[in-house]
Amino acid sequence: MILIKKITPARCVAWLVLITMLVVTLFPLLFVAKTSFVPAGELYTTSTQLLPDNPTLSNYKKIFGLLSTEESIAAGGSGANINITTSMINSVIFTGIIVIVQTFNCALAAYAFARIPFYGSKLLFGAFVASMMIPSVVTLIPNFVLMRDLGLLNSMLGMVAPFFLMHGFAVFFLRQFFISLPKDIEEAAQLDGANSFMIFFKIALPLSWAPLMTVATLTTINMWNEFLWPFLIATDDSMKTLPVALQSFKSQTPQGQPDWGGLMAATVIATIPTIIMLFFFGRRIVESVQFTGGK
Amino acid sequence: MSFMSRKLKSSLFGYLFIFPALIGFLLFYAWPAGRAVGISFTDWNLLSEPYYVGLDNYVEMLEDDQFWNGLKLSAYYVLLNIPLQIMLGLFLAVAMDRLTKSLFVKAAILLPYLLSNVLVALVWLWMLDPILGIVNSLVAFFGLAPQAYLGDPDQALVSVAAINIWRHMGLCAMLFLAGLQTIPKYLYESASLEGVTEFQMFRKITLPLLRPVMVFVLVTSVTGSFQIFDTIAVTTAGGPLDSTRVIVYYIVQNAFSFYKMGYASAMSVTLCMIMLAYTLLQMHIMRASESDLN
Amino acid sequence: MANITLKNVTKRFDKLETIHGVNLKLCDGEFVVFVGPSGCGKSTLLRLIAGLEEITEGVIEIADKNMNNVAPANRGVAMVFQSYALYPHMSVRENMSFGMEMRGESKENIHTRITKASHILQLDELLDRKPRQLSGGQRQRVAIGRAIVREPDVFLFDEPLSNLDAELRVDMRIQIAQLHAKLKTTMIYVTHDQVEAMTLADKIVVLRAGHIEQVGSPMDLYHNPNNAFVAGFIGSPKMNFLPALISDIEADNLVMVAFNGQKIPFKIQSDKLSIGDPVTLGFRPEHIHLAKQEDGFHFDITVDVAEHLGGISYLYSQVEDNKVIIEISGENLLASGDVLSVGIKQSDCYLFDQAGKTLIDRALPNR
Ligand SMILES: Nc1ncnc2c1ncn2[C@@H]1O[C@H](COP(=O)(O)OP(=O)(O)OP(=O)(O)O)[C@@H](O)[C@H]1O
Ligand SMILES: [Mg+2]
């Protein structure tokens, strides 16, 4: 059904606001994209233009290590290096491990809290939820010391350690869902001779794809963007995730000033995975984010 | 099996189920939280043995102007950040609720939130660059004097707040939009039959029914903003002239630049108490503001 | 032999006791129906037998074995849930085979049992569908099929037909009766539809607030309710109750009951009554005649509402603040406002004391 809506002043103002906001949101990103194609010498002359005069790929070649140090300095580089491919791969591994393992662990725990009566369950669930309230900076120092003592600095295990076993919100959210599943389906399975593990794997999990994906999506967003912990653990270039690599690329300025072209090219590259995800899973992402406030 | 009571047997299963998460909880939340308190009573530079100093760190903290300044800046940052972010988010949500269901618009609005703080900081570092940045070009276009933004002690924190408003506005809008869509349309229909104006509807129907989402957004964004770190690490590193040395930045600096683990822990434990007090207060208010729907 | 014995079975949820020391003996092959008002503990009792709830006190025996610590799956019971509780992500075939796979039955065995069950229940066409592709009645049959393939000693049904529309209910009711005739397995069936109870049961267990009020065959309960509650619960429409008085006590427990200025003798089973005691007179809507009966009570009523269903009519009226429903078979033209003189035979009357306990022992009709 198509409704032809009345054009009122209020609607015009609303459209104006919306379009302005869209421009404010998207313009900086487009501007960054433009800058990434601007040759080193023309940054100032083209600073107010929407398109570069002489588009070049040298900034991209630089950050992918296709130019030697001399060539790259000549192309306006700072002489600093960013292993954008390596850090992209690190980010994918880092995020991937955490999302898969954490979601699975949290689903297991959430199911137990929802359905299996056990001694101490109320107390432990309360403690899990309370863990959400601890500012990450509190556990940061002891966790860092632990990783150092275990020799896990600069290792993937050290990077994922505080995240991949448990997350209070995921347990809380999934427990809500498991509680809402019709109980008699699980009781039917119990009468059919399934034990708790079989009921979880054969009945509860297959019925939980939507909430599991919601949790996984939210964790993906958070972990893809996580900065402080990997920043402390991954001091070696080969271990850095994207945000960490970008930050150190930005702060290394042997030539005295940042390599804006390279930095903006790296920014564009780092944005691309997000745009691709948004393109394929836009609805899921939007709805997942909305879910956090809905409960 | 028949020897074991059922509760015992299901307890066995229960603990098997929560085992990995429980290990994670104990190892990375409970124990470190306790250990942080322990470290806060010591003098420790990570290299030598920790040295018990009792409450010295807390005493030092109370006398440390930088600590108070950090708290003040964080609080100031929250005040700069939250009201505007919520207002813009609400504005956007209402506009989107009325005008379009387009997924593209939603995705575009949400995009900044999906980018990391570091990335967003870099984007704006470029945009706000005093010489090369487009913002100053626009300012000049309107005949105003160019500004230093992140380089100016008076503007740095405001600029950081603006950057974060840009990143979180879409998130707020999405959360409010979800809230708006739970409000039954018949409420508006019956109100418009009674000749209520749009603005009155917003005030008398929309806002009150949006209260639970509002409280949620408030709690999460206030506690989150109070702990601002990433953007400052990338853009200003606490400068210029300590004008952005917010509390978490100061704590991390003490721990990992000055290696004053004991002192940093004392501050972080204090921060935790402040956040806890705030959250409990908010939960108290939240309980008083359960949804009026259903 | 799957006879079931409950000894002093008690269930508490936290502090709240919902089943109070129930004793019950069910014989092998019986069709037993639990009835009672909502919240009286029918489902809880059934779930205690299934093992889905743990009993707080007492003993449950199935086939003379103590089941208190036996897992639900090992009790030899199969349950059909009110919501059907089919596994939504599995096909009909998978729904039926799941339990057998859990038990490690052989492939051929699973196949033959499913074939047999689907044949009995006419599910052959539906085996590869998912539950959401089935109608309510079909889902119900699958749920029953899933129970059948387990070849249990006892079937447990918890209001299995309450989600179906009226016509389908009758259909399924008959199918379940046929199934019982064929399998001859013990079945326990929970319902609050007393037509289902009357038509299906060999034995009805009437529950109220966690107590058993009466156990007996449907006709037993209809003719000889222990108390006013059972009398009111069995039979549809509900029995009418009017206040009366003991006006005289004669020898051999013979009393005169006074109602509406008439006195009629009843042989009662109590010697605790004295003259002037109030009693409750009960009579079923279908036993009211539109004419004065010799040897019986009669009184005048004004029709408030008349419902004509074709072959049968219901007249609703009020006698001194007590609702009275009258059932008349055959067509008639009675309407609201009509004043009628009605009569009840003495042998159709029920009599209860102040506490609701029955006072007379009514003979079952002979065949
Ligand atoms: N898990 C439980 N925890 C606490 N109380 C319960 C629980 N299950 C049932 N009860 C209580 O036990 C009583 C009996 O409930 P039950 O479900 O057996 O009633 P029912 O006779 O089946 O009613 P209905 O006809 O409505 O299905 C009710 O008062 C109910 O509130
Ligand atoms: Mg029930």
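Scroll up for the structure.
Calculation notes
- The residue count restarts for each chain, going from 1 along the sequence in the order it is written.
- Ligands are numbered from 1 and chains lettered from A, in the order in which they are written.
- For a predicted model such as this one, the threshold for reporting local features is a pLDDT of at least 70, and the threshold for listing and counting side-chain atom pairs is 80 or more; totals across whole chains, interfaces and linings nevertheless cover every residue.
- As a convention, hydrogens and water are excluded, and side-chain values are obtained from all of the structure's heavy atoms.
- In short, DSSP must find at least two bridges between two strands for them to pair.
- Numbering of helices and strands runs from the N terminus, with a helix taken as a DSSP run of H or I at least four residues long and a strand as a DSSP run of E at least two residues long.
- Pairs of residues are marked as contacts when any of their non-hydrogen atoms sit within 4.5 Å.
- Accessible area that two parts lose when put together, evaluated with a 1.4 Å probe and summed over both, is termed the buried area.
- The salt bridge criterion pairs a side-chain nitrogen of Lys or Arg with a carboxyl oxygen of Asp or Glu, the two atoms within 4 Å.
- Polar contact is defined as a pair of N or O atoms within 3.5 Å, subject to the rule that within protein one atom must be able to donate a hydrogen and the other to accept it, and that residues adjacent in sequence are counted only when both atoms are side-chain atoms.
- Asp, Glu, Lys and Arg are counted as charged, while Ala, Val, Leu, Ile, Met, Phe, Trp, Tyr, Cys and Pro are counted as nonpolar; the rest, among them Gly, fall into the polar class.
- Nearness is judged by heavy atoms alone; a residue qualifies as near a molecule or strand once a single heavy atom is within 4 Å of it.
- Each accessible area is a Shrake-Rupley result for a 1.4 Å probe, and residues are judged covered by the shown protein chains and nothing else.
- Among buried residues, the Ala, Val, Leu, Ile, Met, Phe, Trp, Tyr and Cys ones that are joined through side-chain atoms within 4.5 Å form a nonpolar core.
- Think of it in three bands: residues with accessible area under 20% of the maximum for their type are buried, residues over 50% are exposed, and the middle band is partly exposed, with areas taken using a 1.4 Å probe on protein chains only.

J.: It is not clear to me how the pairing of strand β14 (residues 278–283) of chain C should be interpreted in this structure. Could you clarify?
T.: Working note: regular strand, side chains alternate between the two faces of the sheet. Residue and element names in this part refer to chain C. Relative to β14, strand β11 (residues 240–249) runs antiparallel, the two being bridged by six bridges. Each residue of the ladder has a partner; that of Pro243, found in β14, is Thr280. In this structure, β14 lies alongside strand β19 (residues 350–352), joined through three bridges in antiparallel fashion. Bridging from a neighbouring strand, Gly282 pairs with Tyr350 of β19.

J.: I tried to follow the interface of chain B and chain A on my own but got confused; where do I start?
T.: Quite often, the size of an interface is put as the accessible area lost when its parts meet. The interface is formed by 91 residues belonging to chain B together with 89 residues belonging to chain A. Here chain B meets chain A over a buried area of about 8300 Å², counting both sides, of which 80% is carbon and sulfur. For the pair chain B and chain A, the number of links is zero salt bridges. The interface formed by chain B and chain A holds ten residue pairs in polar contact (both at pLDDT 80 or more) in total. Top element by residues in the side of chain B that touches chain A is helix α1 (residues 6–40) of chain B. It accounts for 25 residues. Split into classes, the residues belonging to the side of chain B that touches chain A amount to 72 nonpolar, twelve polar and seven charged.

J.: Where do I start with the site of ligand 1 in this structure?
T.: All names here are of chain C. Ligand 1 sits among Phe13, Thr18, Ser38, Gly39, Cys40, Gly41, Lys42, Ser43, Thr44, Glu159 and His192. In the environment of ligand 1, an oxygen atom lies 2.5 Å from a nitrogen or oxygen atom belonging to the side chain of Thr44. The protein chains hide 60% of the 640 Å² of surface that ligand 1 would expose on its own. The dominant element in the shell around ligand 1, judged by the number of residues it contributes, is helix α1 (residues 42–50), at three residues. Of the residues that constitute the shell around ligand 1, the class distribution is two nonpolar, seven polar and two charged.

J.: So what exactly am I meant to see when it comes to the nonpolar core here?
T.: Taken as a class, soluble globular proteins show a tendency for nonpolar side chains to be buried jointly. Judged by nonpolar contacts, the single largest core of 232 residues is most densely connected at Phe176(B) and Phe34(C). Beyond its immediate chain neighbours, meaning those up to four positions away, Phe176(B) contacts Ile86(B), Gly89(B), Leu90(B), Ala93(B), Leu210(B), Val213(B), Met214(B) and Val217(B). In this structure, Ala78(C), Leu86(C), Ala147(C) and Leu200(C) belong to the second largest nonpolar core, which totals 44 residues.

J.: What am I meant to see in the environment of Asn59(A) here?
T.: All names here are of chain A. Mapped onto the fold, Asn59 is located in helix α2 (residues 58–63). Given the relative accessible area of 1%, Asn59 is considered buried. Between the C-alpha atoms of Asn59 and Thr46, which are 13 residues apart in sequence, the distance is 16 Å. Reaching out from Asn59, the side chain makes a polar contact with the backbone oxygen of Ser36 at a distance of 2.8 Å. Separated by 3.0 Å, the side chain of Asn59 and the backbone oxygen of Val38 make a polar contact.

In short, shape yes, function no, at least from these values alone.
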